[in-house]
Amino acid sequence: MTPSLQRTLWISRVTFLEAVRQRFFAFLMVLGAAMVLSSVSFRAFDFGHGELKFIADFGFGGMFLFGSVLSVVMTAQLFFSEIDNKTALTLLAKPLSRSEFLLGKFFGAWAVLGVFVVALSGLLGVVMWAREQELVAMAEQAGKVPVTFSASGMVQFALLQWLRLGVVIAIVLTVSALARTFLFAVVVGSLAVVAGQLQWIAQDAVLKPTGSVLYGAFLWLSTRLLPNLQQFNIGDALVLGATGVPAEAVAEVALSGLAYMAAYLFVGTLVFRRREI
Amino acid sequence: MSSAISVRRLTKDFQIGIRGLKLRAVDDLSLEIPRGQVYGLLGPNGCGKSTTLKVVLGLVSATAGEISILGHPSATAEARSRTGFLPEAPYFHKFLSGRELVTYCARLSGVRPSELAAAVEDALGLAAMTDAADRPIGTYSKGMLQRIGFAQAVVHDPELVILDEPTAGVDPVGSAAIGRMIHAMRDKGKTVVLCSHLLGQVEQVCDRVAIMDRGKLVLEGRVEDVLARRDRHVMTIEAMTPAAREAAEAALAAHGARVTSVTHPRRSLEDLFRELVTGSRDA
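Bear in mind that the values here come from a model prediction, so they are computed numbers and not experimental data.

Here's the deal with the overall build of chain B
Scanning chain B from terminus to terminus reveals 10 helices and 10 strands. Expressed as a percentage of its 283 residues, the buried residues of chain B come to 40%. Sequence separation of 24 or more characterises 69% of the internal contacts of chain B that already satisfy a separation of 6 or more.

Right, dumping it as structure tokens:
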């Protein structure tokens, strides 16, 4: 292992320890778990969809909501605690480069979100599997074809969610490298998540002819600068679909996420190099 | 052999507000800090001491000027790997123990795994923190924070140690302990740069001093040279009677000398305090 990688991993390790010891992480983890578990109680309000789909959507929603909040707030907090408390002064006076510091922060925060995604998707998988057993027995008695749950689809979904949250963390770190205050980083990071969720609107609009060059350029830029976070929402098809999702489609989504993550971290490193601590 | 730190014509401006007004923190500063000495950088608050150190360490960029550390351009990993730094009012991750912090800093400073345990123990021993090393940093007193900060700064056996206000907020006993650590570093042949406005301590531990004011260097030299008044002499006399004093003054007057003041010698309040108080609870 190269010295540079070792230093990056040490920063990640301490960042991870700092994050998991925060009450904020535990609080959101408990809230997310409570939402997944409560989906069984609310299944009567399934709006005409299948029960498993309702449970899955409820769980996916909780994972996305609390995962996004954790990615934005926790990442900004982990970055600004080093700057505001001046621990960054001590660390960056050592033979540690700015890019190693920023990447260490990224991997530490991403590892925390990994724990979050594994715990919640594991819990959701158990809840869905248990309900599936009951529903299959009932469907067989009624002579119907039951909707089944795919454990491998759940694993793919969990990996894609982790990737999506990684993209959010990379965006927040880039904003934090530029921002002067924690609040600014949180507000802009949250807006980026919302814009990423709505990016498909710009993608649709860019395909339609427009009379204004300026508007056209704005749409084109929006579709390039912001990742389409909606493309990660293929949980239904992965977990409940009878045919699943083609591996090429999953790989395309994953590669797009990795590319955005790398691009944002590259920009964040360039910005952070010029920052005066 | 090159200087420990060489600063040539350093200027640092900060932009203030959206109109970009300039605040000149350091103004055309040149310094040569020789190796193997304890060097004091003095000045009032806001005179540019800490900014100078931050530029030297590459934490902020210089507007103009050249800086090298141990012959290497500052802000390079090579220069920083041979430098230890204790920032002003250090704050460390409260959830780590002292030993974990020093280990973490040792690994970031490039200490090899095979040498890690010995390096950490040596640094903790030098800072007199071995007994408290396994306690969380959140439970440390101010003096202990400074000492664990000192340990993390020297754990990789650097040639140059930069201490920014190491005794700020520390009681005289803790302050004396830090003074001893500085002497120990000098005895090992290290260069120590001490940034402080506690003049008494600087006078006791430093070989050379530089005084800054409003971003400029106003005085630089060996401590005894800058403090000595060659046209005045002090004699300490025991059992002097009025008659003896008159006779002495007359004898001096016969040679053209004149007694300008006669006072009783005083010990410093710090000496008295250290004499009465043998140690604090965390010492």
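That was the structure; now back to the text.
Some thoughts on the packing of helix H1 (residues 3–20) of chain A against helix H5 (residues 98–142) of chain A
Residues and elements named next belong to chain A. The geometry of H1 relative to H5 is characterised by a closest axis approach of 7 Å and an angle of 45° between their N-to-C directions. By the angle between their directions, the pair H1 and H5 is classed as oblique. H1 and H5 meet at a crossing whose hand is right-handed. Listed contacts from H5 to Ser4, Arg7, Thr8, Ile11, Ser12, Thr15, Phe16, Ala19 and Val20 of H1 are Glu100, Phe101, Leu103, Gly104, Lys105, Phe107, Gly108, Ala109, Ala111 and Val112. Looking at the contact of H1 with H5 residue by residue, the classes come out as 10 nonpolar, six polar and three charged.

Description of the nonpolar core
In summary, soluble globular proteins display a tendency toward joint burial of nonpolar side chains. Counting 151 residues, the largest nonpolar core has Phe106, Leu113 and Ile169 of chain A together with Ala151, Val193 and Leu194 of chain B as its most contacted members. If near-sequence neighbours (up to four positions away) are discounted, Leu194 of chain B is found in contact with Val38, Tyr39, Gly40, Leu41, Leu163, Pro166, Ile182, Val202, Val205 and Cys206 of chain B.

A short note on the pairing of strand E7 (residues 160–164) of chain B
Residues and elements named next belong to chain B. Burial analysis of E7 places five of its five residues in the buried class, which makes it a mostly covered element. Here strand E6 (residues 83–86) pairs with E7 via four bridges, running parallel. By the bridge assignment for E7, Phe85 is matched with Ile162. Here E7 pairs with strand E8 (residues 191–196) via five bridges, running parallel. Residue pairing across strands places Ile162 opposite Val193, the latter belonging to E8. Between E7 and its parallel partner E8, the chain crosses via helix H6 (residues 172–187), and the hand of that crossover is right-handed.

Some points on the sheet that holds strand E5 (residues 72–73) of chain B
All names here are of chain B. With respect to topology, four strands assemble into an open sheet ordered E2-E1-E4-E5, the strand pairing being antiparallel. In this open sheet, the two strands that pair with only one neighbour each are strand E2 (21–33) and E5. Bridge count between strand E1 (residues 5–16) and E2: nine bridges; the pairing is antiparallel. By the bridge assignment, Leu10 is partnered in E2 with Leu29. Packing of helix H1 (residues 49–56) onto the sheet brings it into contact with E1, E2 and strand E4 (64–69), and relative to E1 it is tilted by some 110°.

Details of the pairing of E8 of chain B
Residues and elements named next belong to chain B. Burial runs high along E8: six of the six residues are buried. Burial along E8 is two-sided: the residues Thr191, Val193 and Cys195 and Val192, Leu194 and Ser196 are all buried. The pairing of strand E3 (residues 38–42) with E8 spans five bridges and is parallel. Within the sheet, the bridge partner assigned to Leu42 lies in E8 and is Ser196.

Here we look at the environment of Leu92 of chain A
Along the chain, Leu92 of chain A turns up in helix H4 (residues 87–92). When the C-alpha positions of Leu92 of chain A and Arg13 of chain A are compared, they lie 16 Å apart, and in sequence the two are 79 residues distant. With residues near it in sequence (within four places) discarded, Leu92 of chain A still touches Arg98, Phe101 and Ile277 of chain A together with Leu59 of chain B.

A closer look at unusual backbone geometry
All names here are of chain B. We note that Leu70 has phi near 50°; this positive angle belongs to a residue other than glycine. Checked against the element boundaries, Leu70 lands in the loop between E4 and E5. Here Leu70 falls in the buried class, since 21 other C-beta atoms lie within 10 Å of it.

What about the packing of helix H3 (residues 51–84) of chain A against helix H7 (residues 182–197) of chain A?
Two numbers describe a pair of packed helices, the interaxial angle and the distance between the axes. Residues and elements named next belong to chain A. Between H3 and H7, whose axes approach to 9 Å, the crossing angle comes to 150°. By the angle between their directions, the pair H3 and H7 is classed as roughly antiparallel. The chirality of how H3 crosses H7 is right-handed. Between H3, through Ser68, Val72, Val73, Ala76, Gln77 and Phe80, and H7, the contact on the second element is made entirely by Phe182, Ala185, Val186, Gly189, Ser190 and Val193.

Reading the values: rules and limits
Residues numbered from 1 in each chain as written. Chains lettered and ligands numbered in written order. Predicted model: local features only at pLDDT ≥ 70, side-chain atom pairs only at ≥ 80, totals over all residues. Helix = DSSP H or I, 4+ residues; strand = E, 2+ residues; numbered from the N terminus. Buried ≥ 20, exposed ≤ 12 C-beta atoms within 10 Å, placed from the backbone. Contact = placed C-beta atoms within 7 Å. Axes fitted to C-alpha atoms, helices over the stretch in contact; angles between N-to-C directions. Parallel < 35°, antiparallel > 145°, perpendicular 65-115°, else oblique. Left-handed = near helix turned anticlockwise from the far one by under 90°. Nonpolar A, V, L, I, M, F, W, Y, C, P; charged D, E, K, R; others polar. Core = buried A, V, L, I, M, F, W, Y, C linked by C-beta atoms within 7 Å. Pairing = 2+ DSSP bridges. Right-handed = clockwise from strand over helix to strand, strands pointing away.

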